[in-house]
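# Close look at the chain arrangement
The residues making up each chain are set out below.
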Amino acid sequence: MAAANYLRSEDQFLCSICLDVFTDPVTIPCGHNFCKNCINEHWNTSDRCLCPMCKKVFNTRPELHVNTFISEMVVQFRQSAQQKTTSSSSEQQVSKPGEVPCDVCTGTKLKALKSCLVCLASYCETHLEPHLTMSGLKRHQLIDPVENLEGRMCAKHDKPLELFCKTDQTCVCMLCHVVDHKMHDVVPLKEEYEGKKAKLGKIEGEIQQMIQKRRLKIQEIKHSVDLSEEDADREIAEGVQVFTALKESVERGQANLIDTIKEKQKTTEKQAEAFIKELEQEISELLKRRAEVEQLKRSEDQLHLLQSVQSLKAAPPTKDWTEVSIRPSTYEGTVVKAVAQLEETLSKEMKKLLEDELKRVQQYAVDVTLDPDTAHPSLILSDDGKQVNDSDVEKNLPDNPERFSDCLCVLGKQSFSSGRFYFEVQVKGKTDWNLGVARESINRKGVITLIPPNGYWTIWLGNGNEYEADTSPPVSLSLKSQPQNVGVFVDYEEGLVSFYDVDATALIYSFTGCCFTEKLFPYFSPDLNDGGKNSTPLIISPVGVN
């Protein structure tokens, strides 16, 4: 059967069996027309010979002859349709790779506009016309063009998949519903489609939120990188400024040292030159007198010698040079003094740097309160959770897993697993204490050794004036003054725990290269009351108030 272009006024040229333009049209006794092959195949597969249109039964199979009039009309129609198809094809889009082509077009395939689930074919604008105009074809289900239309038919019953079985979560046809899914929860495909579409809309919304969150995280990361870059540039600028000042100070100290030494040497040289000049003058006078004496000494005239001796000039006055000497300049202490001055300058710069550093870390101040569930039974906590001291008396408290049983200590309620945080503790008036941070999984029962491998990063004061960093072995700390307020700073990602003497603006000690993998808690130990000698509590102070 040939392909053709359909016109609204040419429905009479369509075979009602193949729905295409007549090929070898024949007229049966009831007056209806069909393609010769179409009506023969229809009767060959049927028990009776009847008209597909009016259902008239023929007892004897009619002899079929081609209707020449209709054949001529079809030829004219085909020619007209071919011309229109050619003209229309130039206006319509040719199917491109990835697009669904029209199944009816011969030669150049045009882009399909719709696919028919009944005909299992896709049609361009021209070949879609009958489905839009003919009453019989209008009832066919049209969808946006898709490939593999056979996949939309039931493989078992060759019927459209129009239903959805919720029980088996599969698409079925009407016969499947009656035969295989009779007792199942079956709904129209459209209903399930709408439900699934709504669900997909929800999923799409959730995905969009996830995308948005990740885009915001990207912005956050980029912002962090920008801030880090700004911090790095600032640190570099400050570092260059400091080292430039130190370099200039060293150069000035060196120049002053050299000038001082040269000045001393010059003074020594001037003194030596004066002595030498004076000695040379005396030598000159003495040479003259020696010459006169030698001349008189050579005289053989006795009278003349005796008379001349009396007239010799008196010897010129001379200095007693016995005790006169030039001592080399002493430079002992000159270099030491210059270095001391440099050290003083360096100390001032260091103090300024520490002041800036302390101000920066104080920006990460957090509000810390003591956790009574972790406190040793002998400890007394204030109602606001900011003070702790030893009472010498163990209270009867539940021995919960979080509580320390032997160590006189308590943890903060707040935990930190990223970023930076800082808090300050007043230790004024105490003779013994211990401060720092501890990881969540620390041992809280029995004797505890406060070292980093056990999850503790702390410093310690004992006997009133002995400071140590709790490492293995302990590091003795030499401090210029006793801290009254101690600041604790942690950079989780950097693996840094630093302790500051807030009032003296001095760094006490830093644990570096730490590897944190779990939550960190502030750690406090006021130590034993010691008969009242160490009764002053540890006090968590507001930052900047001390």
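The coordinates are above.
Residues numbered from 1 in each chain as written. Predicted model: local features only at pLDDT ≥ 70, side-chain atom pairs only at ≥ 80, totals over all residues. Heavy atoms only, no water.

### A word on helix H6 (residues 189-297)
Stated formally: Starting at the N terminus, helices and strands are each numbered in turn, a helix being any DSSP run of H or I of at least four residues and a strand any DSSP run of E of at least two. Any helix carries an expected span of 1.5 Å times its number of residues minus one. Classification of residues uses two cut-offs on accessible area relative to the type maximum, computed with a 1.4 Å probe and protein chains only: under 20% is buried, over 50% is exposed, and between them is partly exposed. The contact rule is simple, with two residues in contact once any of their heavy atoms fall within 4.5 Å.
Taking 1.5 Å as the rise per residue, H6 with 109 residues should run 162 Å; its terminal C-alpha atoms sit 155 Å apart, in good agreement. Of the residues making up H6, those classed as buried are Glu-192, Val-242, Leu-246, Ser-249, Leu-257, Thr-268, Ala-272, Glu-282 and Leu-296. Buried residues belonging to H6 abut strand S8 (163-165), strand S10 (186-188), helix H7 (302-311) and helix H8 (334-362).

### A look at the sheet that holds S10
The test is simple: Following DSSP output, two strands are said to pair if at least two bridges run between them. Lines fitted to the C-alpha atoms define the axes, with helices restricted to the stretch that makes contact. Angles between their N-to-C directions range from 0 to 180 degrees.
What the 3 strands build is an open sheet, ordered S9-S8-S10; its pairing is antiparallel. Edge positions in the sheet fall to strand S9 (170-172) and S10, since each has one partner strand and no second. Strand-to-strand twist in this sheet, taken as the mean axis angle between neighbours without regard to direction, amounts to 35 degrees. The pairing of S8 with S9 spans 3 bridges and is classified as antiparallel. Bridge pairing in S9 links Cys-165 to Thr-170. Here H6 sits on the sheet in contact with S8, S9 and S10, set at roughly 85 degrees to S10.

### Some details on the layout of surface pockets
Gaps left between atoms show up when a probe the size of a water molecule is rolled over them. Under the convention used in this document: In this analysis, the protein atoms alone were mapped onto a 1 Å grid. Cavities are point sets where a 1.4 Å probe fits without being able to get out; pockets are open sets with protein on both sides within 12 Å along at least five of seven lines; lining residues have an atom within 4 Å of a point. Grid points are joined across faces, edges and corners, and a volume is the space filled by probe spheres set on the points. Three residue categories are used. Nonpolar comprises Ala, Val, Leu, Ile, Met, Phe, Trp, Tyr, Cys and Pro, charged comprises Asp, Glu, Lys and Arg, and polar comprises the others, including Gly.
Estimated volume of the largest pocket: approximately 510 Å³. In terms of lining, the largest pocket is formed by 15 residues, of which the most central are Leu-117, Gln-141, Arg-152, Leu-161 and Leu-189. It is H6 that contributes the most residues to the lining of the largest pocket, 4 residues altogether. Of the residues contributing to the lining of the largest pocket, the split by class is 9 nonpolar, 1 polar and 5 charged. Taken as a whole, the second largest pocket holds about 440 Å³ of empty space. Residue lining of the second largest pocket: 15 residues in total, with Glu-235, Arg-360, Tyr-364, Arg-420 and Phe-489 positioned closest to the centre. Of all the secondary-structure elements, those providing two or more residues to the lining of the second largest pocket are H6, H8, strand S19 (485-491) and strand S20 (496-501). Residues that form the lining of the second largest pocket fall into these classes: 5 nonpolar, 2 polar and 8 charged.

### A look at the pairing of strand S17 (residues 466-469)
Only one face of S17 is buried: it carries Tyr-467 and Ala-469, and the other face, with Glu-466 and Glu-468, is open. Pairing analysis gives 4 bridges linking strand S16 (residues 456-462) to S17, with the strands arranged antiparallel. Bridging from a neighbouring strand, Leu-461 pairs with Tyr-467 of S17. Where S16 folds back on S17, the antiparallel hairpin that results is connected by 3 residues, among which Asn-463 adopts a positive phi of roughly 60 degrees. The pairing of S17 with strand S18 (residues 475-477) spans 3 bridges and is classified as antiparallel. In the strand pairing of S18, Tyr-467 is matched with Leu-477.

### Thoughts on the sheet that holds strand S5 (residues 114-116)
The 3 strands are arranged S6-S5-S7 in an open sheet whose pairing can be described as antiparallel. On the outer flanks of this sheet lie strand S6 (121-123) and strand S7 (142-143), each paired with one strand and no other. When S5 meets S6, the two strands line up antiparallel, connected through 3 bridges. In the sheet register, Lys-114 faces S6, and the bridge partner there is Tyr-123.

### A word on the pattern of salt bridges
Convention followed: For this document, the term salt bridge refers to a Lys or Arg side-chain nitrogen within 4 Å of an Asp or Glu carboxyl oxygen.
One pass over the full model with this rule turns up 16 salt bridges. Where Glu-294 meets Arg-290, a salt bridge forms, and the shortest distance between an N and an O atom there is 3.8 Å. With a gap of 4 residues between them, Glu-294 and Arg-290 both fall in helix H6, about one helical turn apart. Judged by relative accessible area, which is 37%, Glu-294 ranks as partly exposed. In the salt-bridge network here, residues are joined through shared partners; they are Lys-166, Glu-192 and Lys-196.

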